[in-house]
Amino acid sequence: METRILGRSGLRVSALGLGCMGMSDFYGQPDDAESTRTLHRALELGVTFFDTADMYGPFKNEELVSRAFRDRRDQIVLATKFGILRDPNDPTKRGISGRPEYVRQACEASLKRLGTDYIDLYYQHRVDPATPIEETVGAMAELVKEGKVRYLGLSEAAADTVRRACAVHPIAALQTEYSLWSREPEDEILPAIRELGVGFVPYSPLGRGFLTGQIQRFEDLAPDDYRRHTPRFQGENFQRNLDLVARIRDIAAQKGCTAGQLALAWVLAQGQDVVPIPGTKRVKYLEENLGALQVQLTAAELRQIDEVAPVNAAAGPRYPAAMMNSVNG
Ligand SMILES: NC(=O)c1ccc[n+]([C@@H]2O[C@H](COP(=O)([O-])OP(=O)(O)OC[C@H]3O[C@@H](n4cnc5c(N)ncnc54)[C@H](OP(=O)(O)O)[C@@H]3O)[C@@H](O)[C@H]2O)c1
């Protein structure tokens, strides 16, 4: 398995990680047994980088990952996140907190659920507009000093926020949405984090599954699937985005790979400091996705992909309006 180092942190991880969110939340019916098989198979195939968060489930996903890896904790790089508050009795209600006392409380709770005494990479999930980033990262840095956390990360933070955070403590990784239909980080964020030596962890690199071409109709999504509430999966946007996927699929067919593999290979080709974390709860998809590491794109192919999926190619914003103001904070 190819490995990569996140920025200048020294943290070495498998070139593809595994996103665990959909195993417990948002994308249809959970299946803990198949998810556990997927986690074990991933490690067997050389994946070492596993991504969860306290809010996935809520809380259930950390517990699932913990159960799967309890006897092999030292073999994995475990990343989790804090900062999005959800009420287990009403998971639609959301809050954001980066207050120092909350950072500590959230970390202690995650450690307990994860059944471990250290988190390898601890991210702030969303920047709290009410708490200066220096205070949040100051509290996160205390956790590093105490040995509870090894490396720090941010998610969906603006370039300037990452810069301010780095002045308090080195940041190993920024985790932000990035894929063939979400290329926004290319403008400001990628150049800034490269200058700062921060690694990049693209989430939803398969466009929440859409770029695989497996989702052809709105009805393919379960009635409680979160994606039904997101603009790119609705109405006319859905149809226009299918056209984009058809163009990606044509190039994949020429290359002899699947559309999903092409989408992942494109993200992987954006730099050695980029470590995508495609999500799945199925062994079959995991194995297909790891095949992307064998897909080498030439400069001519990258240009061809640029033509069919340029910046802003997707129809519709990536989040519903109410959630858009929590990104790039
Ligand atoms: N920081 C943040 O704010 C944030 C936000 C979102 C996600 N994330 C993290 O990033 C990870 C990945 O993102 P994501 O899960 O949102 O999106 P993704 O990786 O773009 O896509 C996941 C979806 O694609 C499907 N899929 C995966 N491989 C497939 C294949 N080979 N063929 C067909 N379908 C396939 C999965 O289906 P199944 O579910 O059926 O396996 C799932 O529905 C998450 O698990 C989470 O850890 C972070």
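All figures in this text were calculated on a predicted structure; none of them were measured in a lab.

Requested: an account of helix α2 (residues 60–69), with residues and values cited.
Among the 10 residues that make up α2, seven are buried, leaving the element largely enclosed by the rest of the structure. Residues of α2 that are buried: Asn61, Glu62, Leu64, Val65, Ser66, Ala68 and Phe69. Each element contacted by the buried residues of α2 is listed here: α1 (32–44), β4 (49–51), β5 (77–82) and α3 (100–114).

So what about the nonpolar core? Which residues, and what values?
With 80 residues, the main nonpolar core has Leu39, Phe50, Leu154 and Leu174 as its most contacted residues. Per-element accounting of this core gives the leading share, eight residues, to helix α8 (residues 259–268). The contacts of leucine 39, once residues within four sequence positions are left out, are Leu18, Cys20, Met23, Phe50, Leu64, Val65, Ala68 and Phe69. Phe26, Ala53, Met55 and Tyr151 belong to the second largest nonpolar core, which has 25 residues in total.

Account for the pattern of salt bridges, naming residues and giving values.
Taken as a whole and assessed by the stated rule, the structure comprises 27 salt bridges. With its nearest N and O atoms 2.9 Å apart, the salt bridge here joins arginine 37 to glutamate 34. With a gap of three residues between them, arginine 37 and glutamate 34 both fall in helix α1, about one helical turn apart. The residue arginine 150 makes a salt bridge to aspartate 120 at a minimum N-O spacing of 2.6 Å. Of this pair, arginine 150 sits in strand β9 (residues 149–155) while aspartate 120 is found in strand β8 (residues 119–124), placing the two residues 30 residues apart along the sequence.

Help me get a handle on the site of the ligand, residues and values and all.
Looking at the ligand, there are 31 residues lining it, with Tyr27, Asp51, Thr280, Lys281 and Arg282 nearest. Here an oxygen atom of the ligand sits 3.4 Å away from a polar atom, N or O, in the main chain of proline 205. A distance of 2.9 Å separates an oxygen atom of the ligand from a polar backbone atom of arginine 208. Coverage of the ligand by the protein amounts to 96% of the 900 Å² it exposes when considered alone. Taken together, the residues of the shell around the ligand sort by class into 11 nonpolar, 12 polar and eight charged.

Reading guide: rules and limits
Residues numbered from 1 in each chain as written. Predicted model: local features only at pLDDT ≥ 70, side-chain atom pairs only at ≥ 80, totals over all residues. Heavy atoms only, no water. Buried < 20%, exposed > 50% of the residue type's maximum accessible area, 1.4 Å probe, protein only. Helix = DSSP H or I, 4+ residues; strand = E, 2+ residues; numbered from the N terminus. Contact = heavy atoms within 4.5 Å. Core = buried A, V, L, I, M, F, W, Y, C linked by side-chain atoms within 4.5 Å. Salt bridge = Lys/Arg side-chain N within 4 Å of Asp/Glu carboxyl O. Near = heavy atom within 4 Å. Polar contact = N/O pair within 3.5 Å; in protein donor to acceptor, adjacent residues only side chain to side chain. Areas by Shrake-Rupley, 256 points an atom, 1.4 Å probe, with all protein chains shown as cover. Nonpolar A, V, L, I, M, F, W, Y, C, P; charged D, E, K, R; others polar.

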